[in-house]
Amino acid sequence: MYRFAWLLTRSVPDAEDITQECFLALIRKREFFDPARAQLRTWLIAVARNQHLQRRRDLAREDGSVGAGKVDVSDTPDEGLIRLERAEAVRRAIETLPPPQREALYLFEFEDMSLADIAVVLEIEPNAVKARLYRAREQLKRLLAPLQPDAVPRSEEADA
């Protein structure tokens, strides 16, 4: 829950608050959870997303208007640095995705949620989830192409 809340907010205090609100919602509003409709985890992630969206709406009304990785000790210093640089490039690329694509990608890749569960969380059709995942992956391929070992810089392609 916390990881998803942090992905949405990029703020430790906000992610902590949202995580706490999710579990309070489970205690206070347990009648809204229907195990026939979704798994508990799916329901809690939907609650977290709704909490985040509500906070954004509240801030917009008030304003009138939205980690470092660890190095494996078996790595050489160069390998560790390269790994950190690639992880940072991937993180930055994911952050450039539109929020709907970023949410779908995160839930599918990092939370191992099914398309049906993601559709429940995002309140869209499973085919829309597939489309968001496809667009997110295509964008990431374009953004991360220079990191591929066999990637040839554009200027060298023109010279060949």
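Each chain has its residues counted from 1, following the order in which its sequence is written. Whole-chain, interface and lining totals are the exception, using all residues; otherwise, since this is a predicted model, local features are given only for residues with pLDDT of at least 70 and side-chain atom pairs are given and counted only at 80 or more. Each side-chain value is derived from all of the structure's non-hydrogen atoms; neither hydrogens nor water enter the calculation.

Engineer: Residue-level account of the overall build of the protein chain, with values.
Structural biologist: Helix and strand assignments follow DSSP, with helices taken as H or I runs no shorter than four residues and strands as E runs no shorter than two, numbered in order from the N terminus. Tallying secondary structure elements over the protein chain gives eight helices and zero strands in all. Along the protein chain, from the amino end to the carboxyl end, the secondary structure elements read α-α-α-α-α-α-α-α. Each residue gets one of three labels from its accessible area relative to the maximum for its type: buried under 20%, exposed over 50%, partly exposed in between, using a 1.4 Å probe on protein chains only. Of all 160 residues assigned to the protein chain, the portion counted as buried reaches 30%. Put simply, the protein chain shows about 10,900 Å² of open surface, and 54% of that area lies on carbon and sulfur atoms. Accessible surface area values rest on a Shrake-Rupley calculation with a 1.4 Å probe, where residue burial reflects the displayed protein chains alone.

Engineer: How would you summarise the pattern of salt bridges if you had to cite specific residues and measurements?
Structural biologist: Within this document, salt bridges are pairs made up of a side-chain nitrogen of Lys or Arg and a carboxyl oxygen of Asp or Glu, the two lying within 4 Å of each other. Counted by the stated rule, this structure contains nine salt bridges. Here Arg 3 ties to Glu 111 by a salt bridge, and the two come within 3.2 Å at their closest N and O atoms. A relative accessible area of 8% places Glu 111 in the buried class. The closest approach of N and O atoms between Arg 10 and Glu 95, which form a salt bridge, is 3.1 Å. The network of salt bridges with common partners includes Arg 3, Arg 41 and Glu 111.

Engineer: Can you break down the packing of aromatic side chains residue by residue, with the values?
Structural biologist: Classification of ring pairs uses Phe, Tyr and Trp, with its six-membered ring standing for Trp, and accepts pairs whose centres are within 6.5 Å; under 30 degrees between planes counts as stacked, over 60 as edge-to-face, and the remaining range as tilted. Taken as a whole, this structure holds three aromatic pairs when the rule is applied. Pairing Phe 4 with Tyr 106 gives two aromatic rings, centres 5.8 Å apart and planes at 25°, and the pair type is stacked. For the pair Phe 4 and Tyr 106, one class covers both residues: buried. In textbook terms, an aromatic cluster arises when at least three aromatic residues are bridged by ring pairs, as seen for Phe 4, Tyr 106 and Phe 110.

Engineer: Quick rundown of the packing of helix α1 (residues 2-9) against helix α5 (residues 99-109)? Include the residues and the values.
Structural biologist: Each pair of packed helices can be summarised by the angle the axes make with each other and by the distance between the axes. Helix axes use the C-alpha atoms of the stretch in contact, all axes being lines fitted to C-alpha atoms, and the angles between their N-to-C directions lie in the range 0 to 180 degrees. Where α1 contacts α5, the two axes come as close as 11 Å, and the packing angle between them is 160°. As the angle between them shows, α1 and α5 are arranged roughly antiparallel. The crossing of α1 and α5 is right-handed. For the pair formed by α1 and α5, the contact residues are Arg 3, Phe 4, Leu 7 and Leu 8 on the first element and Arg 102, Glu 103, Tyr 106 and Leu 107 on the second. An angle counts as roughly parallel when it lies under 35 degrees, as roughly antiparallel when it exceeds 145, as roughly perpendicular when it falls between 65 and 115, and as oblique in every other case. In this scheme the handedness of a crossing depends on how the near helix is turned from the far one: anticlockwise by less than a right angle means left-handed, clockwise means right-handed. Between two residues, a contact is recorded if the distance between any of their heavy atoms is within 4.5 Å.

Engineer: Residue-level account of unusual backbone geometry, with values.
Structural biologist: At Arg 10, a position not held by glycine, the phi torsion is positive, near 55°. You can call Arg 10 partly exposed: its relative accessible area is 31%. If you check the backbone angles, Asp 112 has positive phi at about 55° while not being a glycine.

Engineer: Can you lay out the confidence of the model for the protein chain for me, pointing to particular residues and giving the numbers?
Structural biologist: Note that predicted coordinates carrying low pLDDT should not be read in detail. pLDDT: the predictor's confidence for each residue, scored from 0 to 100. The share of residues in the protein chain with pLDDT of 70 or more is 81%, and the mean pLDDT across the chain is 81. Highest mean pLDDT in the protein chain belongs to helix α7 (residues 126-144) (94); lowest belongs to helix α8 (residues 154-159) (51). Confidence over residues 65-74 falls short of pLDDT 50; this stretch has nine contacts with residues more than four positions distant or in other chains.

Engineer: With reference to specific residues and values, describe the environment of Gln 101.
Structural biologist: Structurally, Gln 101 can be placed in helix α5. In this structure the C-alpha to C-alpha distance between Gln 101 and Gln 139, which are 38 residues apart in sequence, comes to 9.9 Å.

Engineer: How would you sum up the nonpolar core? Please name residues and give values.
Structural biologist: Buried Ala, Val, Leu, Ile, Met, Phe, Trp, Tyr and Cys residues form a nonpolar core when they are joined through side-chain atoms within 4.5 Å. Among the nonpolar cores identified, the biggest contains 33 residues, and Phe 4, Leu 105, Leu 107, Val 121 and Leu 140 are the most heavily contacted of them. Secondary structure elements with two or more residues in this core: α1, α2 (12-28), α3 (40-63), α4 (77-96), α5, α6 (115-122) and α7. The element that contributes the greatest number of residues to this core is α3, accounting for six residues. Leaving out residues up to four positions away in the same chain, Leu 140 has contacts with Ala 93, Ile 94, Leu 97 and Leu 105.

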